[in-house]
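Residue strings, one per chain:
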Amino acid sequence: MAQRLRLEGLAYGGDYNPEQWPEEVWAEDVALMREAGVNLVSLGIFSWARLEPRPGEFDFGWLDRIIALLHEGGIRVDLATPTAAPPAWFQKAHPDVRPVTADGRVLGYGARQTYCPSSPEYAAAAARITRELVARYAGHPAVVLWHVHNEYGCHVARCYCERSAAAFRDWLRDRHKTVDALNEAWGTAFWGQRYDSFDEIDAPREAPTAVNPAQQLDFRRFSSDALLALYTAERDIIRAADPDVPVTTNFMAGLSDNLDYWSWAREVDLVATDHYLTAERADNQIGLALSADLTRSLAFGEPWLLMEHSTSAVNWQPRNIAKRPGEMARNSLAHVARGADGVMFFQWRASRAGAEKYHSAMLPHAGTDTRLWREVVDLGARLRELAPLRGSRVRAQVALVWDWESRWALELEYRPSVDLDFRERIDAYYERLWRAGITVDFVHPGADLSGYRLVVAPSMYVTRAAWAENLRAWVRSGGTLLTSYFTGIVDENDAVHPGGYPGALRDVLGVRAEEFLPLRRGETTTLVAPPRMDGAAAAPGTASRWAEDLALEGASAVLQHADGPAAGRPAVTRHAFGAGTAWYVATAPDTGTLDALLRAALADAGVHTPSGLPDGVERVRRVGADGRDREIVINHTLSDATVPGPEGPVSVPAGTVRVLASEPLESVGSPTDQ
Ligand code: GAL
């Protein structure tokens, strides 16, 4: 159960790095924060070298002073453990703490995150600074949240040094118990990889060719767990000393695939994430929405915190495109629409020096006489007006299955086609649902599905027997499942479910494929409704990427390939199973066909599809504890739009956001000049 932040209204603020500025600037910072309506700042994230300038020698004076100033100004603190930036003295004292890449390169320091996740020296030093920090600030009235580390795994997610290999062996002993069980699970009879003892096993370092896939998959799991153990160690130190203040760490949901956030999500008191747009993409609001929906799902529907995003350009993309007027507000309120109870930025004041000096901030280099600053102040005012949204929920009837194990396994070498891509298929389905105005949750394949009417599983390549049973039981009891190709193929060790594809779900889907028939680069096939059957889509459509030598075993064909390697074979099937229905989309249909298929599956599931939503307009409902629903309507386009409102049509000018209750609550944003 997420603990609530001791804050009034929605959180607003950002990373604050006062140590980059002379102390004279701090008073101005606090005054400007107040002007902007900032009520929360993340402090001390990279301050280890300032807090512990020499081993065991601590200097908290400056932090005392800035926390006191913030407190006097009524600004609350999200206090960070500084462990993402081990100091130079630490690196000099422990050279073997430096991470090693799969090809044996030892990484240096002078940036951040230079540490091996399995280093006992790092763990000890991180625990010591955490203990000192928490002993000093536990119970401080300004500290309402603890921020452990920063973006675990962002730069170094996996280390291949000797100590990591030893920790991996311990992890394997724990998971597989005996070396015989490991040999069986990994299929080491192949290529003569049999191990006689755990001691013979190495990290999956770069080898002449593909390293055993089950070994690689276990190494991904181990690496996520190794970082998680570092997080929980710090969290437990904090909890023991300051039990009433929630502890979090910032995820990168939807951006990074390094950590299995389903297991991490159980360990935080409040889910927080960072999100950065792919700035060059014109439709980047869809990736933003996906990240927000995924974060809400990681929070199991509870409100969450947007810990970082950018007011304008970042500094690390090939072309750092600046946000245009109104875009920061649209982005911020899109996160709020999807369940965020706060909007924070990297960072408060733009740095003059260092690697991120060209990253935008709430207070830009050009100061307060700027369009950006005025928009920051406006956004603070808008968020104050939207305080009643706090604690309200977003409800979805449709769920998309998301699983990091499938993603990791699909990234391994030697798959049937390079076009098999976890994220590509998820995005393809998510985008069509977003454009249809359907709000989705993401679910783990083993999750309780009883609250959903339609479950879409575009890329559930790894399907443990228990997960298949979870879906089977849910469809049997009346659920509607829509899966895409290369789902249900392997177990947790990347071993194929035998008997024909998609092994684990054949009975539910009522189909069986003998062979995969991936298409050539750029090749398409024509999709048609089979003779004498009702097509769900207006035929003909086109398909790309994938086909299968598919036979019906109880299902009916909705569409079939008219040409190509699977000519005459079903491409989309529908199967009545128990009280439910299971769709199988055995190819990548064009968007019009995909829309029609989704409409048909939504109809099977009894999900109402909103009408009257212009393309590029986003509309999400938050359901208040007070029984009052509020809808956030965001016009991402350059044209004014009209949407159906509770009391007739409501206009949403180009580039603006409106919040509707029984009547429009207020209007925010400004016309965009994009
Ligand atoms: C995040 C990180 C921040 C800052 C930001 C820049 O990944 O947590 O410290 O580097 O990116 O966009």
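The structure presented is a predicted model; accordingly, all values stated were derived computationally and were not measured.

Parameters at a glance
- Residues numbered from 1 in each chain as written.
- Predicted model: local features only at pLDDT ≥ 70, side-chain atom pairs only at ≥ 80, totals over all residues.
- Heavy atoms only, no water.
- Helix = DSSP H or I, 4+ residues; strand = E, 2+ residues; numbered from the N terminus.
- Buried < 20%, exposed > 50% of the residue type's maximum accessible area, 1.4 Å probe, protein only.
- Contact = heavy atoms within 4.5 Å.
- Areas by Shrake-Rupley, 256 points an atom, 1.4 Å probe, with all protein chains shown as cover.
- Expected span 1.5 Å × (residues − 1).
- Arc of directions from axis to C-beta.
- Patch = residues over 30% accessible without salt bridge, like charges linked within 9 Å, V, L, I, M, F, W, Y side chains within 5 Å.
- Salt bridge = Lys/Arg side-chain N within 4 Å of Asp/Glu carboxyl O.
- Pairing = 2+ DSSP bridges.
- Phe/Tyr/Trp six-rings, centres within 6.5 Å; stacked < 30°, edge-to-face > 60°.
- Lys NZ or Arg CZ within 6 Å of the ring centre and 35° of its normal.
- Domains from an automatic or database assignment.

**Student:** Please clarify how the overall build of the protein chain should be interpreted in this entry.
**Tutor:** Scanning the protein chain from N- to C-terminus turns up 17 helices and 27 strands. Seen through its C-alpha atoms, the protein chain measures out along the principal axes to roughly 80 × 75 × 40 Å. Put simply, the protein chain has 674 residues, and 60% of those count as buried. Summarising the internal contacts of the protein chain: among those between residues at least 6 apart in sequence, 72% fall at separations of at least 24. Per element, the accessible surface of the protein chain, about 25,500 Å² overall, is 49% carbon and sulfur.

**Student:** Please clarify how helix α15 (residues 465-476) should be interpreted in this entry.
**Tutor:** Owing to its 3.6 residues per turn, the α-helix aligns residues three or four sequence positions apart on the same side. Compared with the 16 Å implied by 1.5 Å per residue over twelve residues, the 16 Å span of α15 between its first and last C-alpha is a close match. Of all the positions in α15, only Trp 467, Ala 468, Leu 471, Arg 472, Trp 474 and Val 475 are classed as buried. The buried side chains of α15 occupy one side of the element, clustering within an arc of 170° when seen end-on. Away from its buried face, by an angle of more than 90 degrees, α15 presents the exposed residues Ala 465 and Ala 466. Residues of α15 that are buried make contact with α13 (404-410), β12 (454-457), β13 (480-484), α16 (506-509), β19 (570-577) and β20 (580-585). Positive backbone phi, approximately 125°, marks Gly 478, located one or two places after α15.

**Student:** It is not clear to me how a nonpolar patch on the surface should be interpreted in this structure. Could you clarify?
**Tutor:** Taken together, the side chains of Phe 190, Trp 191 and Tyr 414 present a nonpolar region at the surface, about 430 Å² in accessible area. Tracing the backbone shows Phe 190 in the loop between α7 (179-186) and α8 (213-241).

**Student:** Got a minute to help me understand the sheet that holds β20 in this structure?
**Tutor:** By way of backbone hydrogen bonds, the strands of a sheet pair with one another, either parallel or antiparallel. If you walk across this open sheet you meet the ten strands as β11-β10-β12-β13-β20-β19-β18-β15-β16-β21, and the pairing is mixed. In this open sheet, the two strands that pair with only one neighbour each are β11 (440-443) and β21 (588-589). Bridging between strand β10 (residues 398-401) and β11 involves four bridges; their strand directions are parallel. Residue pairing across strands places Val 398 opposite Val 440, the latter belonging to β11.

**Student:** When you look at the packing of aromatic side chains in this model, what are you seeing that I'm missing?
**Tutor:** The geometry of an aromatic ring pair is captured by two quantities: the separation of the ring centres and the angle between the planes. Applying the stated criterion across every chain yields a total of 36 aromatic pairs. Centroid distance Tyr 231 to Trp 264: 6.0 Å. Interplanar angle 35°. Geometry classified as tilted. Here the residue Tyr 231 occupies a position in helix α8, and Trp 264 occupies one in helix α9 (residues 261-265), the gap between them amounting to 33 residues. Trp 264 carries the same exposure label as Tyr 231, and that label is buried. One aromatic cluster is present, built from ring pairs that chain together Phe 251, Tyr 261, Trp 262, Phe 300, Trp 402, Trp 404, Phe 422, Tyr 430 and Phe 442. For Arg 50, the ring lying beneath its charged end belongs to Trp 62, and the centroid distance is 4.9 Å. Lying over the aromatic face of Trp 21, Arg 349 brings its terminal NZ or CZ to 5.2 Å of the ring centre.

**Student:** Explanation requested: the side chain of Ser 164 in the structure shown.
**Tutor:** Residue position: Ser 164 is located in helix α6 (residues 162-176). Under the relative-accessibility criterion, Ser 164 is labelled buried at 1%. Residues in contact with Ser 164, not counting those within four places in the same chain, are Cys 116, Ser 118, Cys 159 and Phe 222.

**Student:** Quick question: what am I supposed to make of the domain arrangement of the protein chain here?
**Tutor:** Size of an interface, as often reported, equals the accessible area lost when the parts are brought together. As assigned here, the protein chain comprises domain 1 (398-605) and domain 2 (617-668). Using C-alpha coordinates to define each centre, domain 1 is positioned 34 Å away from domain 2.

**Student:** It is not clear to me how α7 should be interpreted in this structure. Could you clarify?
**Tutor:** Among the residues of α7, Val 179, Leu 182, Asn 183, Ala 185 and Trp 186 are the ones counted as buried. The arc that holds every buried residue of α7, seen down its axis, measures 165°, which confines them to one face. Residues Asp 180 and Glu 184 are exposed on α7 and point more than 90 degrees away from its buried face. Those residues of α7 that are buried lie in contact with α6 and α8. After α7 finishes, the residue Gly 187 shows a positive phi value of roughly 60°.

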